[in-house]
Amino acid sequence: MNIAPNILNAVNEWLTPTFDQETQAAVKELMTTSPKELEESFYKNLEFGTGGMRGVMGVGNNRINKYTLGKNTQGLSDYLHKVFPNQPLKVVIAYDCRHNSNTLAKVVADVFSANGIQVYLFSDLRPTPELSFALKYLGCQCGIVLTASHNPPEYNGYKVYWEDGGQIVPPQDGEIINVIENLDYDKIKFNANESLIQYIDTDIDKAFIKSSIENASFNTAAEAKDNLHIVFTSLHGTSIKSIPDVLSQAGYKNVHIVPEQAVPDGDFPTVKSPNPEEPEALTMALALADKTNSDIVVGTDPDCDRLGVAVRNNDGKMILLNGNQTMILMTSFLLKQWKKAGKINGKQFVGSTIVSTPMMMELATSYGVECKVGLTGFKWIAKMIKDFPELQFIGGGEESFGFMVGDAVRDKDAVAATLLICEVAAQAKAAGSSVYKELLQLYVENGFYKEFLVSLTKKGMEGLQEINQMMIDLRENPLKEINGQRVIMVEDYQSSTALNLLTNEVSEMDIPKSNVLIYYTEDGSKICARPSGTEPKIKFYISVNAELESVLDFDAAESFLDGKIQNIIADMQLK
């Protein structure tokens, strides 16, 4: 077997006594039976992306295991002692329903405690937003959640949160990564100080649920709540721990839970993927909605930070809204409520991301509120709250089905967002309208923006090279025309520059660097190319728009925009 020197060096390290016998045996097994898997397991170190560290579980430095997470945690412990000298250190740890999440969470707790750090460890699985809440509630400097969101069952992950409740961002993430990368595996302290590990559960749950209801309730009449019929599915994930209680305590009585998907299960046996962005994941929920004649369906991903929403269209048929649509609906509702309460005075903002719908800007402007736009990932929206303490954060979201209501939680939060979309639905129905009708009216008032995501999966070392080459080609040989429309602007977030192709002027962009390119065409279309930070994918986010004079013109306008999207896909050969 011909193994590259860098891979062989990594493999040999894992065959030393630093690693336990079980791990060494697993490495030897790969060497004899699965040389390709051996390469994949050792050819690089797992990296922190937009959603932290995420990967396949197994042995090797490119896998999630007790040693890679132990090394993360040891490095993080060293960093905490350095930046908070002579202070009592506290961390909180949560985990989801995935295989090994509970045992890996205990390993992480052990390492922190072995470094003299007080650990609050949830006694059972919990939603990711509850971790963000608990971090601030308990006054911790750091938080960890073990999750791989909606990835396949063989994945797990490690997300790091800081004292403001948000995920780590530059330059701090780079500093932490630098400490971790310069750490040897034999420096990991695995021997726990059990006296520093405290298990937490119901007290935090009660505070989190109370906070969620306070943030996402807007004086909806009891009768309106009684008239709304909701179907909810946790897709075998953690939201079953919070959302039914939140809806019940907020006064929603008619909640139908999909029973087959209510039991947490890391194999996600009833779905191909536990991702509420995909219609297939909500098949059982939609069937239950028709059986119970419900008004709205809400499904959440395994760690309960994203939500998928389906509502009835004007023909009474259930349709799945995309993340941009739910974001627009919830943001509009929040702005309307804040305006009604006389709370908008120019010192508020909403947040979004560069790959999300430009309609957020139009909507915010119509209320005289600033819309701040950051890089992909909710850590950037959380950073906005920290960077602008003089401004009030109303809410915000991104196209990938995440939303945040207020600032009690500093990450996308499907618990509060589920209650909020139910408030939208209940008030709309009570007024003789519907969520769908409200959406169409927003298109009339702000312009009809339609988005589409093309996601190309490229696995392994070869896939990574292919993705890199696609970005190099788009960057070094920018397209001059897309679908017969001139490209008028190219924004390169890696160089922080914007090139005006009409004047050839280059301007600087004041935003952190990221491997993202955005093309703008003269008809207002926007095409964004971005390699995923957590999955072996390159994503193309397409946004097109048209004026909508009347809701009666919706079908014709949608057909026109759908055609434009398909033409862009064909022209850019994104198949």
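Anyway, here's the lowdown on the structure attached to this text. Remember, it's a predicted structure, so these values are computed and weren't measured experimentally.

**Digging into the overall build of the chain**
Here's step 1: Helix and strand counts for the chain stand at 18 helices and 24 strands.
Here's step 2: The C-alpha radius of gyration computed for the chain amounts to 24 Å, which stays within 12% of the reference 25 Å derived for 575 residues, consistent with globular compactness.
Here's step 3: Taken along the three principal axes of its C-alpha coordinates, the chain extends 70 × 55 × 45 Å.
Here's step 4: Sorting the 575 residues of the chain into buried and exposed places 57% on the buried side.
Here's step 5: Total accessible area computed for the chain in this model is approximately 23,300 Å², and 48% of it derives from carbon and sulfur atoms.
Here's step 6: Each charge class in the chain can be summarised by its mean position, and for the 52 positive and 74 negative side chains these summaries are 2 Å apart.

**Quick word on the packing of helix α12 (residues 323-340) against helix α15 (residues 414-430)**
Between two packed helices, what matters for the description is the angle formed by their axes and the separation of those axes.
Here's step 1: Axis separation between α12 and α15 bottoms out at 10 Å; the angle between their running directions is 70°. As summarised for this structure, α12 and α15 are arranged roughly perpendicular, according to the angle between their axes. Between α12 and α15, the residues in contact are L329, M330, F333, L334 and Q337 and A417, L420, I421, E423, V424 and Q427, respectively.
Here's step 2: Across the contact of α12 with α15, the residue classes break down as eight nonpolar, two polar and one charged.

**Overview of the sheet that holds strand β13 (residues 348-353)**
Here's step 1: Strand order in this open sheet of four strands is β14-β13-β15-β16, and the pairing throughout is mixed. Since the sheet does not close on itself, it has two edges, and those belong to β14 (370-374) and β16 (402-405), each with one partner. With direction set aside, neighbouring strand axes in the sheet form an average angle of 20°.
Here's step 2: Of the pairings in the sheet, the one linking β13 to strand β15 (residues 392-398) comprises four bridges and is parallel in character. Among the inter-strand pairings, G351 is bridged to a residue of β15, identified as G396.
Here's step 3: Across the sheet, helix α14 (residues 378-387) lies against β13, β14, β15 and β16, angled at about 160° from β13, the strand it touches most.

**Structural notes on helix α2 (residues 21-33)**
At 3.6 residues per turn, the α-helix brings residues three or four places apart onto the same side.
Here's step 1: The end-to-end C-alpha distance of α2, which contains 13 residues, comes to 18 Å, matching closely the 18 Å that a straight helix rising 1.5 Å per residue would cover.
Here's step 2: The set of residues buried in α2 consists of T23, Q24, V27 and L30. Along the axis of α2, the buried positions cluster into a sector of 120°, meaning they face one direction only. Away from its buried face by more than 90 degrees, α2 exposes Q21, E22 and T32.
Here's step 3: Close packing links the buried residues of α2 with α1 (5-13), α3 (35-42) and α4 (66-83).

What counts as what
Residues numbered from 1 in each chain as written. Predicted model: local features only at pLDDT ≥ 70, side-chain atom pairs only at ≥ 80, totals over all residues. Heavy atoms only, no water. Helix = DSSP H or I, 4+ residues; strand = E, 2+ residues; numbered from the N terminus. Rg over C-alpha atoms; globule rule 2.2 N^0.38 Å. Buried < 20%, exposed > 50% of the residue type's maximum accessible area, 1.4 Å probe, protein only. Areas by Shrake-Rupley, 256 points an atom, 1.4 Å probe, with all protein chains shown as cover. Lys, Arg positive; Asp, Glu negative; His and termini not counted. Charge placed at Lys NZ, Arg CZ, Asp CG, Glu CD. Axes fitted to C-alpha atoms, helices over the stretch in contact; angles between N-to-C directions. Parallel < 35°, antiparallel > 145°, perpendicular 65-115°, else oblique. Contact = heavy atoms within 4.5 Å. Nonpolar A, V, L, I, M, F, W, Y, C, P; charged D, E, K, R; others polar. Pairing = 2+ DSSP bridges. Expected span 1.5 Å × (residues − 1). Arc of directions from axis to C-beta.

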